[in-house]
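# Fold and contact review
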Amino acid sequence: MTTPSRYWREIPQRYRLEANKCKKCGFVFFPPRLICSQCQNRKFEETKLAEKGKVLTFTIIRVPPQQFVDQAPYAVGIVELDDGVKLTGQIVDCDFEDLKIGKRVKIEFRKIFAEGEAGILCYGYKFVPE
Amino acid sequence: MRDVAVIGVGMTKWGELWEKSLRTIFVETALLALDDAGVDRIDSMYVGSMSSGLFVGQEHIASLLADYLGQAPVPSARVETACASGGLALRLGFMEVASGMSDVVLVSGIEKMTDVSGYEATYALGTAADQEYEGYHGITFPGLYALIARAHMEKYGTTREQLALVAVKNHLNGSKNPLAQYPFKITVDSVLNSVLVADPLRLLDCSPITDGAAAVILCPIEMARKMNKPVVKITGSGHATDSIALSSRKDITWLEATYQAGKRAYAMANKKPKDIDILEVHDCFTIAEICVIEALGIVEKGKGGKAAEDEITYLEGKIPVNTSGGLKAKGHPVGATGVAQVIEIVKQLQGEAGKRQVKNPRIGMAQNMGGSGGSTVVHIFERE
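All figures in this text were calculated on a predicted structure; none of them were measured in a lab.

Residues and elements named next belong to chain B. Among the residues of helix α3 (residues 61-68), Ile61, Ala62, Leu64, Leu65 and Ala66 are the ones counted as buried. Residues of α3 that are buried in the fold lie against α1 (22-37), β2 (44-48), α2 (52-56), β3 (76-79) and β4 (105-112). Gly70 occupies a position one or two residues after α3 and carries a positive phi of about 75°.

What follows is the structure in structure tokens.
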């Protein structure tokens, strides 16, 4: 179960798509990092993810984890955003038959799952057709 | 560094072992390995286990198992790299004997997975993925490999039937392995008509939930030469990492950690892919075997799908892959898998593999992988 602090810590990324960019090689990290995996530089500037991109690959989850039981079947994909960052997330508001590799999508803020009746309502980004 | 040999192996029947606890499964298996090696004392031991904490609520199993095996106070360490934990245990045992710090080392792997519900097992396995940026969005392990499969099909034209053939081949081999969880044959039709788990992967593309353990005994080669059986030595060992989040990889269809670990093992053993006679790989899902044989250079990039179709990876083929039945048919108690792969290679090299024996293999390789490819351990073995 997510504790409030564990949930709260990720809000800058999940709600506001905050990333960082290596000042030396320009690689964008999401979530932000302290050392660049490409050039080991430690100086970064803050940036925000591009909100549009294309589907690189996708699947339809038919046997879900417990918190997602009420949503199954649902689509999850890896999307390459227009800034080159690749992101895993659900693809919603789209019939499964219309899903295909290369499809243009944009990020929207949505509820991801609820942790039981008294638990945290967990929000974040999902992809919808552009 | 000293040359290191495998002088004993132990494995019991894998499956849903409801009547046996983690410690019982371990001790029964480890005793077989001790007997096979003809020793009753060891200098040290390693246990590969992905998540005894989440599966049975027990951490600190290294000491627990050393005690129940009657070996305390020997040093004992549990190691973890998700589903590659067993392979890593072997690497550490190998390094310890090679360095001269110990002579007789027990290397084992174990997972007791059926003490929890299906949901809890799915959760435990899911912790091998990035919990905050993959698991949070509802992806599962079959889902991650399904993402790889769809991308591979799109990029290289790999077909749904080719995926199915990997499972068919591994079950054919598994039908000849009495210790396998599912020792029976399946057909392409049964794979293609099994229930969808995560499109395009179906139930019979997936390795099962399994209780099981495996153990081997390592020692300096001079000691092995005094025994009355063919000497199998470890000549190459490679271990490498990659991002555990699939989305962070440059190419979703390429297993860089497997490529890197393979490169290191080949260099250490002074061998090339064409030198390998038999291969055990981490077929947690059918697509995994396809990607692994590409990353190890056994086939060209993008040609992994054709390997099972052309039957080059069958028992009688040019390079038999997963003669044991693989994770698919033999079962996949995650921490034990990497050690069981070693047992299959050793038995094949010693000519003791029964109905699934390959004709006179001399060099074998085992590839054990964690998560969606975030860690890989590769070993090369040679018969003297």
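Don't stop here, the text continues.
Moving on, we get to the sheet that holds strand β9 (residues 278-280) of chain B. All names here are of chain B. Overall, mixed pairing links the 9 strands, which are arranged β3-β2-β4-β7-β1-β8-β11-β10-β9 in an open sheet. The open sheet has two edge strands with one neighbour each: β3 and β9. Adjacent strand axes in the sheet meet at a mean angle of 25°, parallel and antiparallel pairs treated alike. Across 8 bridges, strand β10 (residues 363-370) lies against strand β11 (residues 375-383) in antiparallel orientation. Within β11, the position partnered with Met365 by the bridge is Ile380.

Residues and elements named next belong to chain B. Across the 10 residues of strand β7 (residues 211-220), 10 count as buried, placing the element largely inside the fold. Taken together, the 7 bridges between strand β1 (residues 4-11) and β7 define a ladder with antiparallel strand orientation. Bridging across to β7, Gly10 finds its partner in Ala215. Looking at chain direction, β4 and β7 are connected through 8 bridges and run antiparallel. Its bridge partner being in β7, Leu106 is matched across the sheet by Ile217.

Looking now at the layout of surface pockets. Left-over empty space is what a probe sized like a water molecule reveals as it rolls over the atoms. Empty space within the largest pocket amounts to approximately 880 Å³. What lines the largest pocket is a set of 29 residues, among which A:Phe27, A:Arg33, B:Ser243, B:Ser248 and B:Arg249 lie closest to the centre. Among the elements of the structure, β2 (28-29) and β6 (86-91) of chain A are those that each provide at least two residues to the lining of the largest pocket. If one sorts the elements of the lining of the largest pocket by residue count, β6(A) sits on top with 3 residues. For the lining of the largest pocket, the class distribution of residues is 12 nonpolar, 8 polar and 9 charged.

The rules we used
Residues numbered from 1 in each chain as written. Chains lettered and ligands numbered in written order. Predicted model: local features only at pLDDT ≥ 70, side-chain atom pairs only at ≥ 80, totals over all residues. Heavy atoms only, no water. Buried < 20%, exposed > 50% of the residue type's maximum accessible area, 1.4 Å probe, protein only. Helix = DSSP H or I, 4+ residues; strand = E, 2+ residues; numbered from the N terminus. Contact = heavy atoms within 4.5 Å. Pairing = 2+ DSSP bridges. Axes fitted to C-alpha atoms, helices over the stretch in contact; angles between N-to-C directions. 1 Å grid on protein atoms, 1.4 Å probe; cavity = no way out; pocket = protein on both sides within 12 Å on 5 of 7 lines; lining within 4 Å. Points joined across faces, edges and corners; volume = space filled by probe spheres on them. Nonpolar A, V, L, I, M, F, W, Y, C, P; charged D, E, K, R; others polar.

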